[in-house]
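# Descriptive structure summary
Here is what each chain is made of, one letter per residue.
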Amino acid sequence: MRQVMVAGNWKMNGSSDSVKELMAGINAGMGSVTKAEVVVCPPAVYIARVSDAADGTAIKVGSQNICDQDKGAFTGELSGEMLKDVGCEYAIIGHSERRALYAETDDLVAKRFAAARRNGIKPLFCIGETLAEREAGVTNDVCARQIDAVIALEGVEALADGVIAYEPVWAIGTGKVATPEQAQEVHAFIRAKIANLSADVAQGLRILYGGSMNPGNAAELIGQPDIDGGLIGGASLKAEDFLAICMAAE
Ligand code: 13P
């Protein structure tokens, strides 16, 4: 059985005060969340205080990226060791905003994936197609290419150390959610593709859906056989909505 997971990607939002309030709000409702693994990924400058707030609770902490290198002259980057030091168990890797706005290639994303593993951090590995790619009928090819970059560098077994998040780019922050059928179709493709190389890895691998997930659509999406949870953007910034999604996941 794959444990359902709900992860919040706070992106570049929040302040010292709002982060404190959000953590207090999530923590207050955690007593009712018995099945889902709950992760929050704050902006890097708030990770340490979020880790403090999560201490002694079931809430786990992740970063929004990780450097592909381990130490030295890499201005602006954060190493796996540093992220571990401030309490990160997970790191989002290959988010479409990083790929599209900061030119992160499949190759660099794979190297970041490797850095996370090397440092004992679980990669929360994001893949997904743009609207143009979906309309061109190449959704599966794009997802396969993104996954293959990691497999080429690290081997298929490496995927077992992390989680995949399928996030169709056209559904992110747009309110235009994939239908449960659309999402399930891609999730099933991803699992089958990995099963060609390792049935065990495919069977155990959690594949989250991300893109305009909210308390109203979460249960139906997560209810699909190959959807093992959600990576939540906008709705993760409100404790009430985030908790509602955690409950829907149960
Ligand atoms: P939204 O939930 O705001 O669409 O964002 C999804 C996302 O990008 C999570 O990583």
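See the structure shown above.
Below is a summary of the structure that appears in this document. All values derive from a computational prediction rather than experimental measurement. (Residues numbered from 1 in each chain as written. Predicted model: local features only at pLDDT ≥ 70, side-chain atom pairs only at ≥ 80, totals over all residues. Heavy atoms only, no water.)

## Focus on the overall build of the protein chain
Scanning the protein chain for helices and strands turns up eleven helices and eight strands. Expressed as lengths along the three principal axes of its C-alpha atoms, the size of the protein chain is roughly 45 × 45 × 35 Å. Contacts in the protein chain between residues far apart in sequence, at least 24 positions, make up 72% of those at least 6 positions apart. Carbon together with sulfur atoms contributes 52% to the accessible area of the protein chain, which is approximately 11000 Å² in total. The averaged location of the 33 negative side-chain charges in the protein chain is 2 Å from the averaged location of its 22 positive side-chain charges. (Helix = DSSP H or I, 4+ residues; strand = E, 2+ residues; numbered from the N terminus. Contact = heavy atoms within 4.5 Å. Areas by Shrake-Rupley, 256 points an atom, 1.4 Å probe, with all protein chains shown as cover. Lys, Arg positive; Asp, Glu negative; His and termini not counted. Charge placed at Lys NZ, Arg CZ, Asp CG, Glu CD.)

## Section: the pattern of salt bridges
Under the defined criterion, the tally for this structure stands at 19 salt bridges. Between Glu-89 and Lys-122 there is a salt bridge; the shortest N-O distance is 2.7 Å. With Glu-89 in strand E4 (residues 88-93) and Lys-122 in strand E5 (residues 122-127), this pair connects stretches of sequence that are 33 residues apart. Using a relative accessible area of 26% as the deciding quantity, one classes Glu-89 as partly exposed. Through salt bridges that share partners, Glu-37, Lys-60, Glu-89, Lys-122 and Arg-206 make up one connected network. (Salt bridge = Lys/Arg side-chain N within 4 Å of Asp/Glu carboxyl O. Buried < 20%, exposed > 50% of the residue type's maximum accessible area, 1.4 Å probe, protein only.)

## With respect to empty space enclosed by the protein
Going through the model one piece at a time under the given rule, you end up with one cavity of 30 Å³ or more. Each pocket or cavity is described by its volume, and for the largest cavity that value is around 30 Å³. Every residue lining the largest cavity is listed: Gly-94, Ser-96, Arg-99, Cys-126, Ile-127, Gly-128, Gln-146 and Glu-167. If you list the elements that add at least two residues to the lining of the largest cavity, you get helix H4 (96-101) and E5. Of the residues belonging to the lining of the largest cavity, the class tally is two nonpolar, four polar and two charged. (1 Å grid on protein atoms, 1.4 Å probe; cavity = no way out; pocket = protein on both sides within 12 Å on 5 of 7 lines; lining within 4 Å. Points joined across faces, edges and corners; volume = space filled by probe spheres on them. Nonpolar A, V, L, I, M, F, W, Y, C, P; charged D, E, K, R; others polar.)

## Here we look at the site of the ligand
Looking at the ligand, the residues that line it are Asn-9, Lys-11, His-95, Glu-167, Ala-171, Ile-172, Gly-173, Gly-211, Ser-212, Leu-231, Gly-233 and Gly-234. In this structure, Lys-11 approaches the ligand through a side-chain N or O atom, which is 2.8 Å from an oxygen atom. Gly-233 is positioned with one of its backbone polar atoms (N or O) 2.9 Å from an oxygen atom of the ligand. The protein chains hide 95% of the 310 Å² of surface that the ligand would expose on its own. Of the residues in the shell around the ligand, the class split is three nonpolar, seven polar and two charged. (Near = heavy atom within 4 Å. Polar contact = N/O pair within 3.5 Å; in protein donor to acceptor, adjacent residues only side chain to side chain.)

## Brief notes about the packing of aromatic side chains
Applying the stated criterion across every chain yields a total of two aromatic pairs. The interplanar angle of 85° and the centroid separation of 5.5 Å between the aromatic rings of Phe-113 and Phe-125 together place this pair among those described as edge-to-face. Here Phe-125 lies in strand E5 and Phe-113 lies in helix H5 (residues 106-118), a separation of twelve residues in the sequence. Phe-125 carries the same exposure label as Phe-113, and that label is buried. (Phe/Tyr/Trp six-rings, centres within 6.5 Å; stacked < 30°, edge-to-face > 60°.)

## Comments concerning the state of the cysteines
What the rule picks out here adds up to zero disulfides. There is no disulfide at Cys-88, and the cysteine sulfur nearest it, in Cys-41, is 7.7 Å away. Of the residues examined, Cys-88 reaches a relative accessible area of 3% and is grouped as buried. (Disulfide = S-S within 2.5 Å.)

## Here we look at the sheet that holds strand E8 (residues 229-232)
What holds strands together in a sheet is hydrogen bonding between their backbones, with the strands either parallel or antiparallel. Spatial strand order, E1-E2-E3-E4-E5-E6-E7-E8: eight strands in a closed barrel with parallel pairing. Here the strands of the sheet are splayed against their neighbours by 25° on average, with no regard to which way each runs. Pairing of strand E7 (residues 207-210) with E8, which is carried by two bridges, proceeds in the parallel orientation. Looking at the pairing, Tyr-209 lines up with Gly-230 of E8. (Pairing = 2+ DSSP bridges. Axes fitted to C-alpha atoms, helices over the stretch in contact; angles between N-to-C directions.)

## Quick look at the layout of surface pockets
In this structure, the largest pocket encloses a volume near 570 Å³. As for the largest pocket, its lining consists of 22 residues, of which Lys-11, Met-12, Gln-64, Asn-65 and Arg-98 are closest to the centre. The element that contributes the greatest number of residues to the lining of the largest pocket is H4, accounting for three residues. A breakdown of the residues in the lining of the largest pocket according to their chemical character gives ten nonpolar, six polar and six charged. For the lining of the second largest pocket, a count of residues per class yields six nonpolar, four polar and four charged.

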